[in-house]
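In case you want the letters, here they are:
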Amino acid sequence: MSLNTRKSLGLFRAMLRIRRVSEAIEAEYPENSMPTPVHLSTGQEAVSAGVCAALSPSDMVFATHRCHGPYLAKGGDLNAMMAELFGKSGGSSGGFGGSMHLVDRGAGFMGGSAIVGGNLGIATGAALASRMKGDGRVTAVFFGDGAADQGVLYESVNFAVLKKLPIIYVLENNGFSVCSKVSARQAAPSVFLKGVDKRLLKASSIDGNDAVAVLALAERAVKRARAGQGPSFMECVTYRIAGHAGPADWDVEGYRDQKELVRWKRRCPVQRLKRRLVKQGVDSDVFSRMENETAAEIGAAFDFARKSPLPDSSDLFQAT
Ligand SMILES: Cc1ncc(C[n+]2csc(CCOP(=O)(O)OP(=O)(O)O)c2C)c(N)n1
């Protein structure tokens, strides 16, 4: 098997896992066993998988309220994620944080944030700390097009360029901020890239549903960061197939064109990569084995979450 096929299979496994975990959450959510809002990233898996595959375990990732994908792709513990969603003590934030506040420092996953744009400044600060300590870590910060409307993005990028910080700004442009389209909020497509001086900031816009392309761009960004050449900005154009929050069928009707949704479903990043791998000669047994392993892992994580005790209120100040 060629190195490229092996890398692509790694991306496929990461995306499949995120997709199947999301589906399992969707199926369980109406049971009211998870006392937390959930923001699924169905359709956006290639961004998490591609960016995180370019990073080493000690590199840092900061994410948003839609953080399951980056958490899992960065090596976060699935048992701890599920227990967190169930509000149990075995959760990654002791059951006190919920779905938007996953964290796994051991895996370099520094946390999701419910404050839109909130992690941009914090991640930039973490990259400054890496630069000052010379620890060689690269930081990637995920944020949505809604967060890109905020001034903190410009302040952060400006500072990162000024100090040549080892950071990658990963814009997951999924077309919406809750129910509000990008075109209703921004003057032109990729407006935040238009005025950028390319000599100062390496900024690109790519197909965010192509995991191989995301990985290739992220690898270049990591290389630049490690070489002390400063930040990169990657706009990954994708689509949120799920609703803003909760299971997909909880989506508020009317705010998006159903034909557009169907078109993007056809561009499913997981199926796209599978088709490519089949063309490269990967056997159907490989996919069946991955499906079985993923299902077993998810089943075990749900069991772990169900059996984990509720947190003790006296632990509240330890966990927050
Ligand atoms: C500072 C702030 N303003 C508003 C909100 C309410 N809010 C929660 S999610 C969201 C949309 C964010 O859209 P985007 O950044 O594109 O991320 P996506 O949900 O599309 O992944 C908003 C406005 C918030 N949590 N924080």
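Here's a quick rundown of the structure. Quick caveat: nothing in here was measured; it's all calculated off a predicted structure.

## A short note on helix α6 (residues 151–162)
Step number 1: Between its first and last C-alpha, α6 extends 17 Å over 12 residues, near the 16 Å set by a 1.5 Å rise per residue.
Step number 2: For α6, the set of buried residues is L153, S156, V157, A160 and V161. All buried residues of α6 project into a common sector of 130° when viewed along the axis, lining one side. Exposed side of α6, more than 90 degrees from the buried face: E155, N158 and L162 are the residues found there.
Step number 3: Buried residues along α6 sit in contact with α5 (118–133), β3 (139–144), β4 (167–173) and β8 (232–237).
Step number 4: Following α6 by one or two positions, K164 adopts a phi angle in the positive range, close to 50°.

## Considering the site of the ligand
Step number 1: Close contacts around the ligand come from 14 residues, with H65, R66, A114, G146 and N174 the closest.
Step number 2: Between the ligand and H65 there is a distance of 2.8 Å, counted from an oxygen atom to a side-chain nitrogen or oxygen.
Step number 3: In isolation the ligand has 590 Å² of accessible area, and contact with the protein removes 70% of it.
Step number 4: By residue class, the composition of the shell around the ligand is 6 nonpolar, 6 polar and 2 charged.

## Observations concerning the state of the cysteines
Step number 1: Per the counting criterion, the structure on display carries 0 disulfides.
Step number 2: With no disulfide of its own, C52 lies 11 Å from the sulfur of C236, the closest cysteine sulfur.
Step number 3: Among the residues examined, C52 registers a relative accessible area of 5% and is labelled buried.

## So, the packing of aromatic side chains
Step number 1: In the structure shown here, the tally under the stated rule is 7 aromatic pairs.
Step number 2: Between Y71 and F109, the ring centres sit 5.3 Å apart and the planes meet at 85°, which makes this aromatic pair edge-to-face. Highlighted residues: Y71 in helix α3 (residues 68–73) and F109 in strand β2 (residues 109–111), separated in sequence by 38 residues.
Step number 3: Taken together, a centroid distance of 5.9 Å and an interplanar angle of 90° make the contact between F86 and F302 edge-to-face. A residue pair is termed long-range when its members are at least 10 positions apart, and F86 in the loop between α4 (78–85) and β2 and F302 in helix α12 (residues 284–307) qualify at 216 residues.
Step number 4: For F86, a relative accessible area of 5% corresponds to the buried category.

## Quick notes on the packing of α4 against α12
Step number 1: The interhelical angle for the contact between α4 and α12, taken along N-to-C directions, is 45°, at an axis separation of 8 Å. On the basis of the axis angle, α4 is oblique to α12. Seen from above, α4 lies across α12 with right-handed handedness. Here L78, N79, A80, M82 and A83 of α4 lie close against α12, whose contacting residues are E297, I298, A300, A301, F302, F304 and A305.
Step number 2: In terms of residue class, the contact of α4 with α12 is built from 10 nonpolar, 1 polar and 1 charged.

## Focus: unusual backbone geometry
Step number 1: A positive phi is found at N32, a non-glycine position, where the angle reads about 65°.
Step number 2: Locating N32 in the fold gives a position in the loop between α1 (3–28) and α2 (45–53).
Step number 3: Even without being a glycine, V178 presents a positive backbone phi close to 55°.
Step number 4: Examined against the element boundaries, V178 turns out to sit in the loop between β5 (176–177) and β6 (180–181).

## Here we look at the environment of L193
Step number 1: With respect to the element layout, L193 can be found in helix α8 (residues 191–194).
Step number 2: With 12 residues separating them in the primary sequence, L193 and S205 have C-alpha atoms 8.4 Å apart.

## Here's the deal with the pairing of strand β7 (residues 202–207)
Regular strands place side chains that alternate from one sheet face to the opposite one.
Step number 1: Examined bridge by bridge, β7 and β8 share 6 bridges and lie parallel to one another. Among the inter-strand pairings, S204 is bridged to a residue of β8, identified as M234.
Step number 2: Handedness of the β-α-β unit built from β7, helix α9 (residues 211–226) and β8 comes out right-handed.

Rules used throughout
- Residues numbered from 1 in each chain as written.
- Predicted model: local features only at pLDDT ≥ 70, side-chain atom pairs only at ≥ 80, totals over all residues.
- Heavy atoms only, no water.
- Helix = DSSP H or I, 4+ residues; strand = E, 2+ residues; numbered from the N terminus.
- Expected span 1.5 Å × (residues − 1).
- Buried < 20%, exposed > 50% of the residue type's maximum accessible area, 1.4 Å probe, protein only.
- Arc of directions from axis to C-beta.
- Contact = heavy atoms within 4.5 Å.
- Near = heavy atom within 4 Å.
- Polar contact = N/O pair within 3.5 Å; in protein donor to acceptor, adjacent residues only side chain to side chain.
- Areas by Shrake-Rupley, 256 points an atom, 1.4 Å probe, with all protein chains shown as cover.
- Nonpolar A, V, L, I, M, F, W, Y, C, P; charged D, E, K, R; others polar.
- Disulfide = S-S within 2.5 Å.
- Phe/Tyr/Trp six-rings, centres within 6.5 Å; stacked < 30°, edge-to-face > 60°.
- Axes fitted to C-alpha atoms, helices over the stretch in contact; angles between N-to-C directions.
- Parallel < 35°, antiparallel > 145°, perpendicular 65-115°, else oblique.
- Left-handed = near helix turned anticlockwise from the far one by under 90°.
- Pairing = 2+ DSSP bridges.
- Right-handed = clockwise from strand over helix to strand, strands pointing away.

Nothing here speaks to function; it is geometry throughout.
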